[in-house]
Amino acid sequence: QLSAGYKVIIDLLIKDYDRYFDKNDLIRIEQGLKNDPTNRIYPLLWVFCKKSLFDSDEYLDNEYAQFLDRIVEEYDYLVNLDDFFHLTEILLIKPLAEEWENEIFLPVFKKASARYPDKYEFRRILAYIHYKTKDYKAALSMLNSIIAAVEKGLKDETEDPVGSVDFHYLDYLDVVQLTGMIYYALGDPEKAMVNINYVLDNLPVIITK
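Figured I'd write up the structure that's included with this text. (Residues numbered from 1 in each chain as written. Predicted model: local features only at pLDDT ≥ 70, side-chain atom pairs only at ≥ 80, totals over all residues. Heavy atoms only, no water.)

Our focus in this paragraph is the layout of surface pockets. Taken as a whole, the largest pocket holds about 280 Å³ of empty space. Forming the walls of the largest pocket are Lys23, Leu26, Lys50, Leu53, Phe54, Ser56, Asp57, Glu58, Tyr59, Glu63, Gln66 and Phe67. Of the residues that constitute the lining of the largest pocket, the class distribution is 5 nonpolar, 2 polar and 5 charged. (1 Å grid on protein atoms, 1.4 Å probe; cavity = no way out; pocket = protein on both sides within 12 Å on 5 of 7 lines; lining within 4 Å. Points joined across faces, edges and corners; volume = space filled by probe spheres on them. Nonpolar A, V, L, I, M, F, W, Y, C, P; charged D, E, K, R; others polar.)

In this section: the side chain of glutamate 121. Following the sequence through the fold, glutamate 121 ends up in helix 8 (residues 120–132). Within the structure, the side chain of glutamate 121 is placed 2.6 Å from the side chain of arginine 124, a separation counted as a polar contact. (Helix = DSSP H or I, 4+ residues; strand = E, 2+ residues; numbered from the N terminus. Polar contact = N/O pair within 3.5 Å; in protein donor to acceptor, adjacent residues only side chain to side chain.)

Our next topic: the pattern of salt bridges. Following the criterion strictly, the structure yields 10 salt bridges and no others. Glutamate 74 is the salt-bridge partner of arginine 70, the closest N and O atoms lying 3.7 Å from each other. Of this pair, arginine 70 and glutamate 74 both sit in helix 4 (residues 61–74), 4 residues apart, which is roughly one turn of the helix. According to the relative accessible area criterion, arginine 70 is partly exposed, its value standing at 22%. Close ionic contact of arginine 124 with aspartate 174 constitutes a salt bridge, the shortest N to O distance being 2.4 Å. You can see arginine 124 sitting in helix 8 and its partner aspartate 174 sitting in helix 10 (residues 169–185), a full 50 residues away along the chain. Within the structure, one salt-bridge network assembled from shared partners comprises Asp69, Glu73, Lys111 and Arg115. (Salt bridge = Lys/Arg side-chain N within 4 Å of Asp/Glu carboxyl O. Buried < 20%, exposed > 50% of the residue type's maximum accessible area, 1.4 Å probe, protein only.)

Nonpolar side chains in soluble globular proteins generally cluster together in the buried interior. Of all hydrophobic cores here, the largest spans 56 residues; its most connected members are Trp46, Phe67, Leu68, Ile90, Phe109 and Phe122. With sequence-adjacent residues up to four places away left out, phenylalanine 122 is seen in contact with Val72, Val79, Phe85, Leu91, Phe109, Ala112, Ser113 and Tyr116. (Core = buried A, V, L, I, M, F, W, Y, C linked by side-chain atoms within 4.5 Å. Contact = heavy atoms within 4.5 Å.)

Attention now moves to the environment of valine 47. By the element assignment, valine 47 lies in helix 3 (residues 41–56). Distance in space between the C-alpha atoms of valine 47 and phenylalanine 67 is 8.4 Å, their sequence separation being 20 residues. Ignoring sequence-local partners within four residues, the contact set of valine 47 consists of Phe67, Ile71, Leu78, Phe84, Thr88 and Ile90.

As a packed pair, helix 7 (residues 102–115) and helix 8 sit with axes 9 Å apart at the nearest point and diverge in direction by 150 degrees. The angle between helix 7 and helix 8 falls in the class roughly antiparallel. Regarding helix 7 and helix 8, the two cross each other, and that crossing is left-handed. Only Phe122, Arg123, Ile125, Leu126, Ile129 and His130 of helix 8 make contact with helix 7, whose side of the interface consists of Asn102, Phe105, Leu106, Phe109, Lys110, Ala112 and Ser113. Within the contact of helix 7 with helix 8, the residues separate by chemical class into 8 nonpolar, 3 polar and 2 charged. (Axes fitted to C-alpha atoms, helices over the stretch in contact; angles between N-to-C directions. Parallel < 35°, antiparallel > 145°, perpendicular 65-115°, else oblique. Left-handed = near helix turned anticlockwise from the far one by under 90°.)

Assignment of secondary structure puts valine 194 in helix 11 (residues 189–201). Along the sequence, valine 194 and tyrosine 183 sit 11 residues apart, while their C-alpha atoms lie 9.9 Å from each other.

Note that every value here comes from positions in space, so none of it alone points to a role or purpose.
Next up, the structure:
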């Protein structure tokens, strides 16, 4: 016979499958985290539940920043799961067209980038934050470090990070494109066109019937 704790987990997993959570579910999950801190299912449910609640209601930027910071600080095994951020979409929090709250998100992504240097997605978003606040040199430093790491991996014939579950091919093209945009903003159109042409020459071919 299942214990009460496992019944709660199964009930919450069913809710996750239906993509429907409410605030009472969050209370149950938080209680599960306290009662059974070694159970790794509760943190994953907590992430999905919080994301669901953020998607269904308005939230403050500092609330989302605290959410991401807690994952970086406390749930290392989630961060290191293959394709965790793409599957959960928890990093896709603001379109490029919107303003970023620099003082709120900058410390979170600086910490994440330093703690997980192989997770290029953190550096990519950190570069976006710098770009939106016109700190072009800081953004360029982040982007060039990603490009250099990718080029080194290809040259050394080590595992190719582009196209892997942790750093998708389109993410890399996005990095190259933003680098070109920054070169243009810094008054270097020749370098900008090198990057833009690379993106245009390497866009994936999509065949539709």
